[in-house]
Amino acid sequence: MYFDAHSDIWCDVTTRRLNGETNVFDRCHLERMRKGGVEGSIFVIWVERPDIQDYAIRTAQIKQAILDETAECD
């Protein structure tokens, strides 16, 4: 069993969702985490891109992506 103490997955999920993808965590990350033995994680909200001009807007986008993703999860 592994615990990921700092995961930036939400950055990828947000970018993909803004490009029209859905169910990103399940399709792109969940199985890889399971195969790697990751059973827990701290998921951070990280404003990752240096070209972001408004960090409050990006933070709101990430928070919305989290809500949308969790609403789609089984």
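The preceding data block contains the structure.
This section reports on the structure supplied with the text. Model, not experiment: these values are computed from the prediction.

The rules behind these values
Residues numbered from 1 in each chain as written. Predicted model: local features only at pLDDT ≥ 70, side-chain atom pairs only at ≥ 80, totals over all residues. Heavy atoms only, no water. Phe/Tyr/Trp six-rings, centres within 6.5 Å; stacked < 30°, edge-to-face > 60°. Buried < 20%, exposed > 50% of the residue type's maximum accessible area, 1.4 Å probe, protein only. Helix = DSSP H or I, 4+ residues; strand = E, 2+ residues; numbered from the N terminus. Contact = heavy atoms within 4.5 Å. Expected span 1.5 Å × (residues − 1). Arc of directions from axis to C-beta.

1. Brief notes about the packing of aromatic side chains
Overall, the coordinates contain three aromatic pairs when judged by the stated rule. One aromatic cluster is present, built from ring pairs that chain together Trp10, Phe25 and Phe43.

2. Here we look at helix H1 (residues 9–18)
Taken together, the buried positions of H1 are occupied by Ile9, Trp10, Cys11, Val13, Thr14 and Arg17. On its buried face, H1 is in contact with strand E1 (2–7), helix H2 (24–35), strand E2 (38–43) and helix H3 (55–72). The positive-phi residue at the C-terminal boundary of H1 is Gly20, with phi of around 100°.

3. What to know about unusual backbone geometry
Leave glycine aside and you will find that most residues have negative phi; peptide bonds, for their part, are mostly trans. One non-glycine residue, Asn23, lies in positive phi territory at about 50°. Looking at the element boundaries, Asn23 is found in the loop between H1 and H2.

4. Details of H2
The terminal C-alpha atoms of H2, which comprises twelve residues, lie 17 Å apart, in line with the 16 Å expected from a rise of 1.5 Å per residue. Burial in H2 covers these residues: Val24, Phe25, Cys28, His29, Leu30 and Met33. Looking straight down H2, one finds that the buried residues subtend no more than 165° of arc, so they occupy a single side. For H2, exposure combined with an orientation more than 90 degrees from the buried face picks out Arg34 and Lys35. Looking at the buried residues of H2, the elements they touch are H1, E2 and H3. Two residues or fewer past H2, Gly37 is found with a positive phi of approximately 80°.

By themselves these figures say nothing about function.
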